[in-house]
Amino acid sequence: MKIFELILLYGGSTNAYPPVSSWNTAVYVYAEAFPQGTVPRLGTATAAAIVSLAMVTLITVVLRRLLRREPVEY
């Protein structure tokens, strides 16, 4: 999720988006919300962002439960 800028800056040419094979969810949402030369699809961008948020939340909760540490007893 934190490599949006790297993909957008280094993945594409001067006036185009990076190739679709290098996109992550953040670049997809950006491309849907701010298309080049066409009408923005804000509903699709919002839905993709909400699904991405739900997936990250679910993965975070599962990992926190799996990696929970027992209290240290002395």
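Structural notes, computed from the coordinates. Since we're looking at a predicted model, the values are computed, not measured.

Quick look at helix α3 (residues 42-66)
If you check α3, its first and last C-alpha atoms are 36 Å apart, about what 25 residues at 1.5 Å a residue would give, namely 36 Å. The complete set of buried residues in α3 reads Ala45, Ala48 and Ser52. Tucked into the core, α3 has its buried residues touching α2 (25-33).

So, the environment of Glu32
For Glu32, the position within the fold is in helix α2. Under the relative-accessibility criterion, Glu32 is labelled buried at 9%. Counting along the chain gives 13 residues from Glu32 to Ala45, while the straight-line C-alpha distance between them is 5.3 Å. When sequence neighbours within four positions are dropped, the list of residues in contact with Glu32 reads Pro40, Arg41, Thr44 and Ala45. Of the polar contacts made by the side chain of Glu32, one reaches the side chain of Arg41; its length is 2.7 Å.

Brief notes about the packing of α2 against α3
Orientation of α2 relative to α3, taken along the N-to-C sense of each, is 165°, at an axis distance of 8 Å. Comparing the axis directions of α2 and α3 gives the class roughly antiparallel. For the pair α2 and α3, the crossing hand works out as left-handed. Counted together, Thr25, Tyr28, Val29, Glu32 and Ala33 of α2 and Leu42, Thr44, Ala45, Ala48, Ala49 and Ser52 of α3 form the full contact between these two elements.

Overview of the environment of Pro19
The topology assignment puts Pro19 in the loop between α1 (4-10) and α2. When the C-alpha positions of Pro19 and Ile3 are compared, they lie 15 Å apart, and in sequence the two are 16 residues distant.

Observations concerning the side chain of Asn24
Tracing the chain through its elements places Asn24 in the loop between α1 and α2. The class of Asn24 is buried, set by a relative accessible area of 18%. Look past the residues within four positions of Asn24 in its chain and what remains in contact with it is Ile3, Phe4 and Ile7.

A look at the side chain of Ser52
Take Ser52: it is sitting in helix α3. Note on Ser52: relative accessible area 10%, which makes it buried. Looking at Ser52, its side chain comes within polar contact range of the side chain of Thr25, at 3.4 Å.

What counts, and at which threshold
- Residues numbered from 1 in each chain as written.
- Predicted model: local features only at pLDDT ≥ 70, side-chain atom pairs only at ≥ 80, totals over all residues.
- Heavy atoms only, no water.
- Helix = DSSP H or I, 4+ residues; strand = E, 2+ residues; numbered from the N terminus.
- Expected span 1.5 Å × (residues − 1).
- Buried < 20%, exposed > 50% of the residue type's maximum accessible area, 1.4 Å probe, protein only.
- Contact = heavy atoms within 4.5 Å.
- Polar contact = N/O pair within 3.5 Å; in protein donor to acceptor, adjacent residues only side chain to side chain.
- Axes fitted to C-alpha atoms, helices over the stretch in contact; angles between N-to-C directions.
- Parallel < 35°, antiparallel > 145°, perpendicular 65-115°, else oblique.
- Left-handed = near helix turned anticlockwise from the far one by under 90°.

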